[in-house]
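# Analysis of the macromolecular model
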Amino acid sequence: MKTMHRIGALVLASGLLTGMASGARLLVPLDYPTIQQAIDAAANGDEILVSPGLYRGDPDDTESLVKLNGKSIWLHSSDGPEKTILDGELQRPLIDLLFSEDENTRIEGFTLIRGYANAGGALRIGGTPQIINCIIRDNLGQTGAGGMLCSDPVGPTLENVVFCHNTISLNNEAHYL
């Protein structure tokens, strides 16, 4: 009986030390060549770890570079925002969180640059996800919100997020945020 308690305590302690990661770890680009392919393969509770690099979309595609599609996952870079960059090339939005993603969805450690949309060039949010340790710069919204558009009344949790040089183009006039 004492042995069972010790093993249970050891398992509990090791779970606490690892953050109780319950899902799979999907690696980009090692396991999946694109972030979107990893998201499509992920289940709720999974972790997607993105290696350093510059990530762009298909040149002929104007759809968002990354769509979370309502999944509760942890999407993060291995080496931080200075080394892991999502580039919309002023052709597409960068990250869509439009299916009521909640606080169990985390985006962490990316630079989001040159996203383009009617509104919300970098981030388009319809829920309450967490955005952590990101740099959001040089994005363009045609009629509003160059850096981030949020339709949820509560909105995301932002922690250590820097917004700079995001632009709204109204009536062909630039307005910087």
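Described in the following lines is the structure provided in the data block. On a predicted model such as this, the values are computed, not experimentally measured, just so you know.

Ordered by their spatial adjacency, 4 strands build an open sheet running E4-E7-E11-E14, and the pairing between neighbours is parallel. A single partner strand is all that each edge strand has here, and the edge strands are strand E4 (66-67) and strand E14 (148-150). Where strand E11 (residues 123-125) meets E14, 3 bridges bridge the pair, whose relative direction is parallel. Residue pairing in the sheet places arginine 124 in a bridge with leucine 149 of E14.

For side chains of opposite charge, pairing can occur when their charged atoms come near one another. In total, this model carries 9 salt bridges according to the counting rule given. Between glutamate 89 and arginine 56 there is a salt bridge, with the nearest N and O atoms lying 3.7 Å from each other. Within this pair, whereas glutamate 89 is found in the loop between strand E6 (84-87) and strand E7 (95-97), its partner arginine 56 is found in the loop between strand E3 (53-55) and E4, the two being separated by 33 residues in sequence. Relative accessible area serves as the criterion here: at 23%, glutamate 89 is assigned to the partly exposed category. Linking glutamate 89 and arginine 92 is a salt bridge whose minimum nitrogen-to-oxygen distance equals 3.1 Å.

Note that isoleucine 35 resides in helix H2 (residues 35-41). When the C-alpha atoms of isoleucine 35 and valine 66 are compared, they prove to be 6.9 Å apart, with 31 residues separating the residues in sequence. Setting aside residues up to four positions removed in sequence, isoleucine 35 forms contacts with Val28, Val50, Tyr55, Val66, Leu75 and Leu86.

Reading the values: rules and limits
- Residues numbered from 1 in each chain as written.
- Predicted model: local features only at pLDDT ≥ 70, side-chain atom pairs only at ≥ 80, totals over all residues.
- Heavy atoms only, no water.
- Pairing = 2+ DSSP bridges.
- Helix = DSSP H or I, 4+ residues; strand = E, 2+ residues; numbered from the N terminus.
- Salt bridge = Lys/Arg side-chain N within 4 Å of Asp/Glu carboxyl O.
- Buried < 20%, exposed > 50% of the residue type's maximum accessible area, 1.4 Å probe, protein only.
- Contact = heavy atoms within 4.5 Å.

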